[in-house]
Amino acid sequence: MNEVITPVLNNIFTDIQRIFDEQRANQFIISTAKERKAKIKKLHNAIIKYREAFHEAMYADFKKPAIETDLFDLFPVTSEAKHTGNHVEQWMRPKKVKTPTALLGTNSQVKYEPKGVVLIISPWNVPINLTFGPLVSALAAGNRVMIKPSEMTPNTSRLMSQVIKEIFEEEEVAIFEGGIDVATALLKLPFNHIFFTGSPNIGKIVMRAAAENLASVTLELGGKCPTIIDETANLNEAASRVVWAKYSNSGQTCIAPDYLLVHEKQKNRLLNLLELKIKELYGSTENDRQTGDSLGRIVNHKHFLRIKYLFDDAISKGAKIVCGGHFDEADNYIEPTVLTNITDEMELMHEEIFGPLLPVCTYSKTERAIQVINSKPEPLALYIFSKQSKNTTLIVENTRAGGTCINDCTIHYSNPNLPFGGTNNSGIGKAHGIYGFEAFSNQRALLKQNSPYGTSQLLAPPYNDRI
């Protein structure tokens with residue numbers, strides 16, 4: 001078998017180097033705004049054209065409901081493409097900046113130029129969105145692009161590869177399927193920028209590889225996104241919004257609520273409402289939930305066992321099941337599950353769950369909830385449900401997070417005018433809209449001296465007392 005695999009990999013590695021060299025050779029052919037908009041439009045149209053095929057591919061990979069493929073993968077990219085296409089010409093214009101008194105006679109501006117040849121490494125959980133979304137920004141900034149999609153969703157990666165090869169020349173955009181060997185080969189190349197979405201552990205590997213070539217990076221990572229539900233919150237709204245945000249994509253979303261911090265006065269009623277909302281959204285019985293068409297599956301057996309371990313560890317240390325708790329290993333199915341009686345000794349309070357388990361913790365004072373959040377690495381998102389502005393202000397001003405929603409979850413991702421990204425352990429750099437354009441652009445300083453008596457001449461030797 002190795003005799004077959006080795007030549008195939010050698011061919012891929014040869015193609016990687018050849019295409020990288022072609023893209024580098026062409027990186028200074030700068031595209032116009034019209035050309036960039038045309039490329040983005042081609043991508044937008046291809047997504048619409050292959051919509052049903054993407055539904056089928058995502059279902060084949062992990063039984064993802066078609067509506068979730070639309071909501072979390074396809075529509076975010078078409079929205080990003082429209083927004084970027086409408087604004088890229090404006091973003092590209094040089095920005096004039098003020099001249100300080102000491103530099104009178106000059107004028108200055110910031111010019112946005114492509115970084116060059118960039119690499120996008122995308123994940124499996126929302127693979128279309130997190131491959132084509134960054135691609136929109138990279139194209140808007142005028143870059144040449146190489147893409148490595150996840151091997152964990154082979155059907156979707158194969159279809160994305162087909163789309164890319166159909167609408168782009170490889171010296172503009174190229175895509176390479178494969179596993180760790182392919183990713184490793186790509187990371188050895190001196191890209192001008194690397195955009196990676198995935199776990200913090202792999203993010204560190206990517207950043208080390210980028211450092212070898214002093215490449216800039218955007219790292220969209222994850223972490224344990226907390227949700228605070230205080231004593232003034234509307235519990236019916238909170239339960240509805242938390243359940244939808246948590247169990248969509250079977251919890252395999254980097255901005256899904258990872259654990260709840262609920263005021264002790266609200267705990268019992270909230271637990272009842274969480275169970276009620278799960279039944280309303282996904283089916284009233286265990287069988288209805290598993291056989292229904294609204295819940296996907298865990299992406300593979302390895303991740304199923306990882307989540308099952310977190311559940312078993314919590315139960316062994318005293319966690320109680322409020323609802324759910326059914327696992328079907330043959331189907332990689334995990335029922336939407338709510339757990340209480342949570343302690344900090346449990347592994348699920350330290351590892352990002354990335355699955356349909358929801359631990360519910362309680363607090364009595366807001367300062368204690370803040371202390372719990374700040375005892376962990378900075379999250380990608382923080383959610384607060386409260387009617388009391390004093391509480392929300394206290395929490396926001398005394399915590400750090402990539403983004404925050406008040407009285408809702410995850411929807412900040414859908415606003416193209418907001419930066420999306422983490423901080424420290426949850427990410428480096430921002431994406432979406434103008435922030436994605438800037439991530440893939442070099443902001444070049446340009447100063448023009450218009451005076452025959454420039455500052456540098458006035459300051460040149462011989463030195464005297466004129467300063």
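Presented here is an overview of the structure given in this document. Here the structure is a predicted model, which means the values were calculated and not measured.

Parameters and conventions
- Residues numbered from 1 in each chain as written.
- Predicted model: local features only at pLDDT ≥ 70, side-chain atom pairs only at ≥ 80, totals over all residues.
- Heavy atoms only, no water.
- Axes fitted to C-alpha atoms, helices over the stretch in contact; angles between N-to-C directions.
- Helix = DSSP H or I, 4+ residues; strand = E, 2+ residues; numbered from the N terminus.
- Parallel < 35°, antiparallel > 145°, perpendicular 65-115°, else oblique.
- Left-handed = near helix turned anticlockwise from the far one by under 90°.
- Contact = heavy atoms within 4.5 Å.
- Phe/Tyr/Trp six-rings, centres within 6.5 Å; stacked < 30°, edge-to-face > 60°.
- Buried < 20%, exposed > 50% of the residue type's maximum accessible area, 1.4 Å probe, protein only.
- Salt bridge = Lys/Arg side-chain N within 4 Å of Asp/Glu carboxyl O.
- Pairing = 2+ DSSP bridges.
- Arc of directions from axis to C-beta.
- Lys, Arg positive; Asp, Glu negative; His and termini not counted.
- Polar contact = N/O pair within 3.5 Å; in protein donor to acceptor, adjacent residues only side chain to side chain.

1. Brief notes about the packing of helix 13 (residues 366-374) against helix 14 (residues 389-397)
What describes two packed helices is the angle between their axes and the distance between those same axes.
Then step 1. Here helix 13 crosses helix 14 at 25°, and the two axes come no closer than 10 Å. The pairing of helix 13 with helix 14 is recorded here as roughly parallel in orientation. Classified by chirality, the crossing of helix 14 by helix 13 is right-handed. Of the residues in helix 14, those in contact with Thr366, Glu367 and Ile370 of helix 13 are Asn391, Leu394 and Ile395.

2. With respect to the packing of aromatic side chains
Then step 1. Counted under the stated rule, the structure contains twelve aromatic pairs.
Then step 2. Taking the centre distance of 6.4 Å and the plane angle of 80° together, the rings of Phe54 and Phe132 count as edge-to-face. You can see Phe54 sitting in helix 3 (residues 51-62) and its partner Phe132 sitting in helix 5 (residues 129-140), a full 78 residues away along the chain. Across the pair, Phe132 and Phe54 agree in class, each one buried.
Then step 3. Judged by centre distance (5.5 Å) and plane angle (90°), the rings of Trp124 and Phe354 are edge-to-face.

3. Regarding the pattern of salt bridges
Oppositely charged side chains may form a pair once their charged atoms are brought near each other.
Then step 1. Per the counting criterion, the structure on display carries 23 salt bridges.
Then step 2. In this structure, Glu171 engages Arg144 in a salt bridge whose closest nitrogen and oxygen atoms are separated by 2.3 Å. Of this pair, Glu171 sits in the loop between helix 6 (154-167) and strand 5 (173-175) while Arg144 is found in strand 4 (residues 144-148), placing the two residues 27 residues apart along the sequence.
Then step 3. What makes Glu171 partly exposed here is its relative accessible area of 24%.
Then step 4. With its nearest N and O atoms 2.9 Å apart, the salt bridge here joins Lys317 to Asp313.
Then step 5. Judged by relative accessible area, which is 37%, Lys317 ranks as partly exposed.
Then step 6. Look at the salt bridges and you will find they share partners, linking Asp15, Arg18, Glu22 and Glu170 into a network.

4. Topic: the sheet that holds strand 1 (residues 95-97)
Then step 1. Reading across from one edge, 1-2-18 is the order of the three strands in this open sheet, with antiparallel pairing throughout. Looking at the sheet topology across the chains shown, the edges are occupied by strand 1 and strand 18 (441-449). Here the strands of the sheet are splayed against their neighbours by 30° on average, with no regard to which way each runs.
Then step 2. The pairing of strand 2 (residues 106-114) with strand 18 spans nine bridges and is classified as antiparallel. Counterpart to Thr106 in the pairing with strand 18 is Gln449.

5. Examining helix 13
Then step 1. Here helix 13 has its buried residues at Thr366, Ala369, Ile370, Val372 and Ile373. Down the axis, helix 13 shows its buried residues gathered within 160° of arc, on one side only.
Then step 2. Contacts made by the buried residues of helix 13 are with strand 8 (226-229), strand 9 (259-263), strand 14 (357-363), strand 15 (381-385) and helix 14.

6. Here's the deal with the environment of Phe195
Then step 1. Here Phe195 is to be found in strand 6 (residues 193-197).
Then step 2. For Phe195 and Glu345, which are 150 residues apart along the polypeptide, the C-alpha to C-alpha distance reads 35 Å.
Then step 3. Excluding residues within four positions of it along the chain, Phe195 makes contact with Leu119, Ile120, Ile121, Pro134, Thr218, Glu220, Ala431 and Phe440.

7. Overview of the side chain of Glu68
Then step 1. With respect to the helices and strands, the residue Glu68 is situated in helix 4 (residues 66-92).
Then step 2. Buried within the structure, Glu68 lacks any salt-bridge partner; Lys64 is the closest side chain of opposite charge, at an N-O distance of 5.4 Å.
Then step 3. Within the structure, the side chain of Glu68 is placed 2.9 Å from the backbone nitrogen of Asn249, a separation counted as a polar contact.
Then step 4. Setting aside anything within four residues of it in sequence, one finds Glu68 in contact with Asp73, Ser248, Asn249 and Ser294.

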